[in-house]
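Chain residues, written in single-letter form:
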Amino acid sequence: MIKKVGILGSTGSIGRQTIEVVKELNACEGAPKFEITALSAGSNAELLAQQARDLNVKFLCIDTEEGAKYLKESLSDMNPYIMVGEEGLCEFAKADIDVLVTAIVGMRGLPPTMEAIKCGTEIALANKETLVAAGEIVMAEAKKRGVAIRPVDSEHSAILQCLEGESHSGVDKLILTASGGPFRTYAKEQLENVTVENALNHPTWNMGGKITIDCASMMNKGLEVIEAGWLFDIPYNDIEVIVHPQSIIHSMVRYRDGSVIAQLGNPTMKLPIQHALTYNTRYPSHVERLDFAKVAQMTFEAPDTDKFPCLKLAYEAGNIGGSLPAVMNMANEKAVEMFFKGSIKFTQIPYIIEKTMDAHNTIVKPSLEEIIDCGKWAYDYAGGLIK
């Protein structure tokens, strides 16, 4: 049976690599076959049009009316069905697909992911903000509908693989690895003057801009801690972060008997994408094989939460729960946006997040609508903190 795949965020790093993985699997003898039938993008209408033509996809979503006009004109011979904006994303999520790859960045991925779950569509989750903001609601809905949520983040994919065949009652700790980002060896004082270009220079991973900045501040790892708590139903006190600059060990599970099981590989997103699409069965891949002689050494160190307070803020938000993680997330989205524009310094990112969290009256059991409203409030409040 051919599985139909939809990709939210097809022009981004994860979306483009998903297309490559699907093509490679389709060319692999004995592997399951996939057909990409729906594609969405933000502003890159030109690349989306190229993808649609290459894959013969006629179900498309784009952020703007201008982008929709471009798609309509450039693909007039294909007569595609084009959706626009936030409403378009939710309509897109209801498409006739078997697996939705949520590679869109930010909390805007939450509503379409929920719509897909309600339709019974399997989720390959690369949008960590969905569970950060509304993990309790999303996981409850997935359980109710019998929908599988497979992680695409390399860390969560690694943990899933380390848990396979093991009793969850035997788990002592989940250990998320972090590269430490481009500023791992900087003194705290040096961070005052780093530029956007510095922050985008990640030492081991090639990712989109927002995620790369989050890695530099270690907020990305904080978001992953909260996501792991929901995916694997484990308290945050049992989730540990360790800095591993080589990015060879993608994460580990320590068991009650003291054993540690780790998942290793070269830093590439293709393996976790393939694992999410072909869960529980291994097929050949085109990724470079790990050569331990070339690796030579692997080192580890504790994260410096004094230098990178975003990680500590994420643990705080996760432990308090309710609407606070959504507020933290959207304050971070605004702060990163401001940093990109040159409105604030890199070191002001955690300041803005903390002040926004402090100003919020946490709703203990928020509805989905309240979570979205709190996120909008946080985005606006954060934007007004520094003039």
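My aim in this report is to walk through the structure given alongside it, one point at a time. Being a predicted model, the structure only gives us computed values, none of them experimental.

## Notes on helix H16 (residues 368–383)
Taking 1.5 Å of rise per residue, 16 residues should cover 22 Å, and H16 covers 23 Å from first to last C-alpha, within 8% of that figure. Burial in H16 covers these residues: Leu368, Ile371, Cys374, Gly375, Ala378 and Ala382. Looking straight down H16, one finds that the buried residues subtend no more than 120° of arc, so they occupy a single side. Exposed and oriented more than 90 degrees from the buried face of H16 are Glu369, Lys376 and Asp380.

## Some words on the sheet that holds strand S7 (residues 149–151)
Spatial strand order, S4-S3-S2-S1-S5-S6-S7: seven strands in an open sheet with parallel pairing. Only two strands of the sheet have a single neighbouring strand rather than two, namely strand S4 (81–84) and S7. Sheet twist, expressed as the average angle between the axes of neighbouring strands with direction ignored, equals 25°. Direction of pairing for strand S1 (residues 3–8) relative to strand S5 (residues 99–102): parallel, over a ladder of four bridges. In the strand pairing of S5, Ile7 is matched with Val101.

## Structural notes on the packing of helix H6 (residues 129–145) against helix H14 (residues 324–341)
Each pair of packed helices can be described by the angle between their axes along with the distance between the axes. At a minimum axis separation of 8 Å, H6 and H14 run at an interaxial angle of 155°. With respect to H14, the axis of H6 lies roughly antiparallel. Of the two elements, H6 crosses H14, and the hand of that crossing is left-handed. Where H6 abuts H14, its residues Glu129, Val132 and Ala133 lie against Pro325, Ala326, Met328, Asn329 and Glu333.

## So, the environment of Ser10
Residue position: Ser10 is located in the loop between S1 and helix H1 (13–26). Taking relative accessible area as the criterion, Ser10 reaches 0% and is therefore assigned buried. Sequence separation between Ser10 and Met218 is 208 residues, and the spatial gap between their C-alpha atoms is 25 Å. Setting aside its immediate chain neighbours within four residues, Ser10 contacts Gly15, Arg16, Ile19, Leu39, Ser40, Leu48 and Gln51.

## Looking at the environment of Val105
Mapped onto the fold, Val105 is located in the loop between S5 and helix H5 (110–118). With relative accessibility at 39%, the residue Val105 sits in the partly exposed group. If we skip the residues at most four places from it in the chain, Val105 touches Asn127, Glu129, Lys210 and Ile211.

## Here we look at the sheet that holds strand S11 (residues 260–264)
With respect to topology, four strands assemble into an open sheet ordered S9-S8-S10-S11, the strand pairing being mixed. The open sheet terminates on both sides in strands that have one partner only, identified here as strand S9 (239–243) and S11. The average angle at which neighbouring strand axes cross in this sheet is 20°, direction not considered. The pairing of strand S8 (residues 171–178) with strand S10 (residues 249–255) spans five bridges and is antiparallel. Of the residues in S10, the one forming a bridge with Ile175 is Met252.

## Here's the deal with the pairing of strand S3 (residues 59–62)
One ladder, built from three bridges, connects strand S2 (residues 34–40) with S3; its direction is parallel. Each residue of the ladder has a partner; that of Ala38, found in S3, is Phe59. Traced from S2 through helix H2 (residues 45–55) to S3, the parallel crossover comes out right-handed. Handedness of the crossover joining S3 and S4 through helix H3 (residues 65–74): right-handed.

Thresholds applied
Residues numbered from 1 in each chain as written. Predicted model: local features only at pLDDT ≥ 70, side-chain atom pairs only at ≥ 80, totals over all residues. Heavy atoms only, no water. Helix = DSSP H or I, 4+ residues; strand = E, 2+ residues; numbered from the N terminus. Expected span 1.5 Å × (residues − 1). Buried < 20%, exposed > 50% of the residue type's maximum accessible area, 1.4 Å probe, protein only. Arc of directions from axis to C-beta. Pairing = 2+ DSSP bridges. Axes fitted to C-alpha atoms, helices over the stretch in contact; angles between N-to-C directions. Parallel < 35°, antiparallel > 145°, perpendicular 65-115°, else oblique. Left-handed = near helix turned anticlockwise from the far one by under 90°. Contact = heavy atoms within 4.5 Å. Right-handed = clockwise from strand over helix to strand, strands pointing away.

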